[in-house]
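So the chains spell out like this:
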Amino acid sequence: MRHPRRTALASALGLGLALTLGAVPATAATSTTTSSSSTSSTTATSTAAAASNTASYTAYERSQENATANQAFFKAVMKSVAAKRAANPTAASVTVYYSTRNAPSFRTQIARSTQIWNGSVANVKLAESSSGYDFAYYEGNDSRGSYASTDGHGRGYIFLDYRQNQQYNSTRVTAHETGHVLGLPDHYSGPCSELMSGGGPGTSCTNAYPNSAERSRVDYLWRNGLAATATKG
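> Now, about the sheet that holds strand β1 (residues 94-102): what can you tell me, with residues and values included?
The strands making up a sheet associate through hydrogen bonds between their backbones, and the pairing can be parallel or antiparallel. Spatially, β2-β1-β3-β5-β4 is the arrangement adopted by the five strands of the open sheet, whose pairing is mixed. Strands with a single pairing partner mark the edges of an open sheet, and in this sheet they are β2 (124-128) and β4 (147-150). The sheet shows a mean angle of 30 degrees between the axes of neighbouring strands, direction not considered. The sheet contact formed by β1 and β2 spans five bridges and is parallel.

> Describe the pairing of strand β5 (residues 156-161), naming the residues involved and giving the relevant values.
Extensive coverage of β5 is indicated by the burial of six of its six residues. For strand β3 (residues 135-140) and β5, the ladder comprises six bridges, and the chain directions are parallel. In the sheet register, G140 faces β5, and the bridge partner there is D161. Relative to β5, β4 runs antiparallel, the two being bridged by four bridges. Paired with S149 across the strands is Y157, a residue of β5.

> How would you explain helix α3 (residues 107-118) if you had to name every residue and give the values?
Residue pairs three or four apart in sequence face the same way in an α-helix, which turns once every 3.6 residues. Given a rise of 1.5 Å per residue, 12 residues ought to cover 16 Å, and the 16 Å separating the end C-alpha atoms of α3 matches this to within 8%. Buried within α3 we find Q109, I110, S113, T114, I116 and W117. One face of α3 carries all of its buried residues, which in axial projection span an arc of 160 degrees.

> Outline the environment of L184, supporting the account with residue identities and numerical values.
Tracing the backbone shows L184 in the loop between α5 (170-181) and α6 (212-232). For L184, a relative accessible area of 5% translates into the label buried. Sequence separation between L184 and L221 is 37 residues; the distance between their C-alpha atoms is 9.3 Å. In contact with L184, other than residues within four places in its own chain, are W117, G179, M196, E214, R217 and V218.

What counts, and at which threshold
- Residues numbered from 1 in each chain as written.
- Predicted model: local features only at pLDDT ≥ 70, side-chain atom pairs only at ≥ 80, totals over all residues.
- Heavy atoms only, no water.
- Pairing = 2+ DSSP bridges.
- Helix = DSSP H or I, 4+ residues; strand = E, 2+ residues; numbered from the N terminus.
- Axes fitted to C-alpha atoms, helices over the stretch in contact; angles between N-to-C directions.
- Buried < 20%, exposed > 50% of the residue type's maximum accessible area, 1.4 Å probe, protein only.
- Expected span 1.5 Å × (residues − 1).
- Arc of directions from axis to C-beta.
- Contact = heavy atoms within 4.5 Å.

See below:
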């Protein structure tokens, strides 16, 4: 999978202009009709585009390519953590460090996602760092939506797509992708209460918290991860 371009990933999305319409003079009737028709056409086009984008996200999310990338991502993060923690194998928990330098627009969502995960599990913690981090967040435009992957050199990254984060609850998207850092696979047939069901429940789903099964799974994985690190140490 290609790594997101680090130079000018994308310009910030422009905000639509809000127009306040007053009384329309009779002489503007023709113009108004044309404008209304144009607005309806634009709305229909936007709706069709949104549906197309959602279909594109779904296709990629359910692909084998995405599943393989998620697994490779988790292994890369575990390898990075194990190498650093070997010097301190008796630590009560593992800390996974991340960088937000390349995702400035999503710092609030990332901070909230970190808070959610740190309050949900015990054997692994997330913390921001400007250097020596295990993975990084990036932002930009991608027809596949948001995803987690590796750069092919032992480092992991999470890509946050602008448009998808407008259509879906952004904190849920970020927390979901961060779930891959912690070893959880996608499960799009799950309910909204399941974080890793991702976009499966639709855009109305705003839950950004892992359920009890997901929390237990992460603690189990990182308890074993600690044991493996201790053995290497």
